[in-house]
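# A look at the structure
Chain residues, written in single-letter form:
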Amino acid sequence: MPNLRALLVGVITADTPGAKDSVAIVRGLLPAQAQCSILTGLKATCDAIFSQLRQAAADSRAGDLFVFFFAGHGHPTTDLCEPDGYSEILDAHDGPILDDRLAEIWNTFEPGSNIVMISESCDAGSNHEVPPAILSTVPSVETTPRLEEKFASKWFGHQAATNFAPPACPPLLENTIS
């Protein structure tokens, strides 16, 4: 039976005090049987995040679903090797997480496993860079600013291939996230 794993990260700063609440909301959307790792506050370091992501990749099997949720700051930086001239960065508690490093990790997941990345971060643009090896195996990749739409569309698309039930979005969530 496929596994559902998640890494939920909330980087709490004076500007992002709601990051921990966002993590709690997303945890509430996941089924009780989901294996979740949660990193918030001082625990949301680059090393801790990458360690959890590498472990998730090592544990992945075809048919599994992995959810990576990040709440915190993000920003672009100049990168002349990127088609758009920028790399996007998520700000961990102690430093940057570049989209290129995330793409390297996504590429180590077992073929046939499913990855959903949800980013609640400002100014990070396309921080979900998908490596060509993975992009060629999915029918489409789209971006939407609405957390519940992104999560639900990926979840419902995956539901047909697994025994996981889609989460019910609380009515309040639909009215509070834009």
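Residues numbered from 1 in each chain as written. Predicted model: local features only at pLDDT ≥ 70, side-chain atom pairs only at ≥ 80, totals over all residues. Heavy atoms only, no water.

### Structural notes on the pattern of salt bridges
What the rule picks out here adds up to 1 salt bridge. The partner of aspartate 64 in a salt bridge is arginine 5, with the nearest N and O atoms 3.1 Å apart. Highlighted residues: aspartate 64 in the loop between helix H2 (46–59) and strand E3 (65–78) and arginine 5 in strand E1 (residues 4–10), separated in sequence by 59 residues. The class for aspartate 64 is buried, based on a relative accessible area of 4%. What makes arginine 5 buried here is its relative accessible area of 15%. (Salt bridge = Lys/Arg side-chain N within 4 Å of Asp/Glu carboxyl O. Helix = DSSP H or I, 4+ residues; strand = E, 2+ residues; numbered from the N terminus. Buried < 20%, exposed > 50% of the residue type's maximum accessible area, 1.4 Å probe, protein only.)

### Side note on helix H1 (residues 19–29)
Buried within H1 are the following residues: Ala19, Ser22, Val23, Val26 and Leu29. The arc that holds every buried residue of H1, seen down its axis, measures 120°, which confines them to one face. In H1, the exposed positions that point more than 90 degrees away from the buried face belong to Lys20, Asp21 and Gly28. (Arc of directions from axis to C-beta.)

### Structural notes on the pairing of strand E5 (residues 95–98)
Across 4 bridges, the pairing between strand E4 (residues 86–92) and E5 is antiparallel. Following the sheet pairing, aspartate 91 is matched in E5 by proline 96. Between E4 and E5, which pair antiparallel one after the other, the connecting turn spans 2 residues. (Pairing = 2+ DSSP bridges.)

### Comments concerning H2
Compared with the 20 Å implied by 1.5 Å per residue over 14 residues, the 20 Å span of H2 between its first and last C-alpha is a close match. Taken together, the buried positions of H2 are occupied by Cys46, Ile49, Phe50, Leu53, Ala56 and Ala57. Burial along H2 is one-sided: seen end-on, the buried residues are contained in an arc of 120°. (Expected span 1.5 Å × (residues − 1).)

### Topic: the confidence of the model for the chain
On average, residues of the chain score 75 in pLDDT, and 69% of them are at 70 or above. Note that residues 134–178 has pLDDT below 50 and, in this model, 65 contacts with residues that lie over four places away or in other chains. (pLDDT = per-residue confidence, 0-100. Contact = heavy atoms within 4.5 Å.)

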